[in-house]
Amino acid sequence: MPILNFHLVQGQHEPIRIESLLLRSSELFAEGLRCPIDRVRVFVTEHAPQHVCTGGKLASQDAQSAPYFTFVLLQGRSLEDRQRLLAGFTDLVVEILDCPREMVRGGITLIDPDDWGIGGVPASHLRQTEIQARQLVVAQSAVSSGTL
């Protein structure tokens with residue numbers, strides 16, 4: 001479910017750096033949320049320089065690079081996890097895209113699991129199924145190890 005989108009000015013960053021940002025932020029997202037990486041979606045949306053204005057200056061007229069990112073999470077993630085991701089994505093933008101830290105902005109959109117679909121099924125239903133499956137594995141492990 002985790003989705004991340006970086007908004008960048010077209011032509012300001014080398015393609016190899018954008019690829020690195022996509023790959024490393026995917027890894028950070030999966031590690032930070034302790035979820036399988038195959039659930040993570042990361043995008044870069046590039047905006048034409050004449051369509052971006054930062055500090056009252058158009059990017060087409062040499063405005064300073066000011067990347068913005070937003071990510072979507074299901075409600076229930078801890079404040080600590082969310083803030084760690086905000087800091088981590090900012091660090092990646094600064095490191096990989098060589099942007100001044102003070103110019104980077106980021107935000108989080110929290111979604112109620114009843115309002116998010118995965119394959120047409122509400123995430124709340126899938127989440128409950130996963131929780132039950134994990135509990136079953138733990139119980140079976142306890143029985144087979146003789147701790148029950």
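Scroll up for the structure.
Residues numbered from 1 in each chain as written. Predicted model: local features only at pLDDT ≥ 70, side-chain atom pairs only at ≥ 80, totals over all residues. Heavy atoms only, no water.

Enquirer: Before we go on, may I ask you to explain helix H2 (residues 79-97) in this structure?
Expert: In an α-helix there are 3.6 residues to a turn, and that puts residues three or four apart on one side. The end-to-end C-alpha distance of H2 is 27 Å, a good match for the 27 Å that 19 residues give at a rise of 1.5 Å each. Along H2, the residues that are buried comprise Asp81, Arg82, Leu85, Gly88, Phe89, Thr90, Leu92, Val93, Val94, Ile96 and Leu97. Each element contacted by the buried residues of H2 is listed here: strand E1 (3-9), helix H1 (15-33), strand E5 (68-74) and strand E6 (105-111). Looking one or two residues beyond H2, the residue adopting positive phi is Asp98, at roughly 55°. (Helix = DSSP H or I, 4+ residues; strand = E, 2+ residues; numbered from the N terminus. Expected span 1.5 Å × (residues − 1). Buried < 20%, exposed > 50% of the residue type's maximum accessible area, 1.4 Å probe, protein only. Contact = heavy atoms within 4.5 Å.)

Enquirer: How should the pairing of strand E2 (residues 41-47) be read in this particular structure?
Expert: When a strand is regular, its side chains alternate between the sheet's two faces. In terms of strand pairing, E1 meets E2 through seven bridges, oriented parallel. Residue pairing for E2: Asn5 is matched across the bridge by Phe43. With H1 bridging E1 and its parallel neighbour E2, the resulting β-α-β unit is right-handed. (Pairing = 2+ DSSP bridges. Right-handed = clockwise from strand over helix to strand, strands pointing away.)

Enquirer: What exactly am I supposed to notice about the nonpolar core here?
Expert: Soluble globular proteins tend to bury their nonpolar side chains together. Leu4, Phe6, Phe29 and Phe71 are the most contacted members of the largest nonpolar core, which totals 23 residues. Of all elements in the fold, only E1, H1, E5 and H2 reach the threshold of two or more residues within this core. Ranked by the residues each element gives to this core, the list is headed by H2, at seven residues. One finds Val72, Leu74, Ile111 and Ala123 within the second-largest nonpolar core, a separate group that totals five residues. (Core = buried A, V, L, I, M, F, W, Y, C linked by side-chain atoms within 4.5 Å.)

Enquirer: Can you help me understand H1 in this one?
Expert: Compared with an ideal rise of 1.5 Å per residue, which puts 19 residues at 27 Å, H1 spans 27 Å between its outermost C-alpha atoms and is within 8% of the ideal. Turning to H1, its buried residues are Ile18, Leu21, Ser25, Ser26, Phe29, Ala30, Gly32 and Leu33. Here the buried residues of H1 occupy an arc of 165° about the axis, which is enough to place them on one side. Turned more than 90 degrees from where H1 packs its buried face, Ile16, Leu23 and Glu31 sit exposed. Looking at the buried residues of H1, the elements they touch are E1, E2, E5 and H2. One or two steps after H1, the chain reaches Arg34, where phi turns positive at roughly 55°. (Arc of directions from axis to C-beta.)

Enquirer: Teacher, can you tell me more about the side chain of Arg82 here?
Expert: Within the secondary structure, Arg82 is located in helix H2. We note that Arg82 is buried and unpaired, the nearest opposite charge coming from Asp81 at a distance of 8.1 Å. Only 2.6 Å separates the side chain of Arg82 from the backbone oxygen of Arg77, close enough to count as a polar contact. Setting aside its immediate chain neighbours within four residues, Arg82 contacts Phe71, Leu73, Arg77, Ile108 and Leu110. (Lys, Arg positive; Asp, Glu negative; His and termini not counted. Salt bridge = Lys/Arg side-chain N within 4 Å of Asp/Glu carboxyl O. Polar contact = N/O pair within 3.5 Å; in protein donor to acceptor, adjacent residues only side chain to side chain.)

Functional significance is not addressed by these values, which are geometric in nature.
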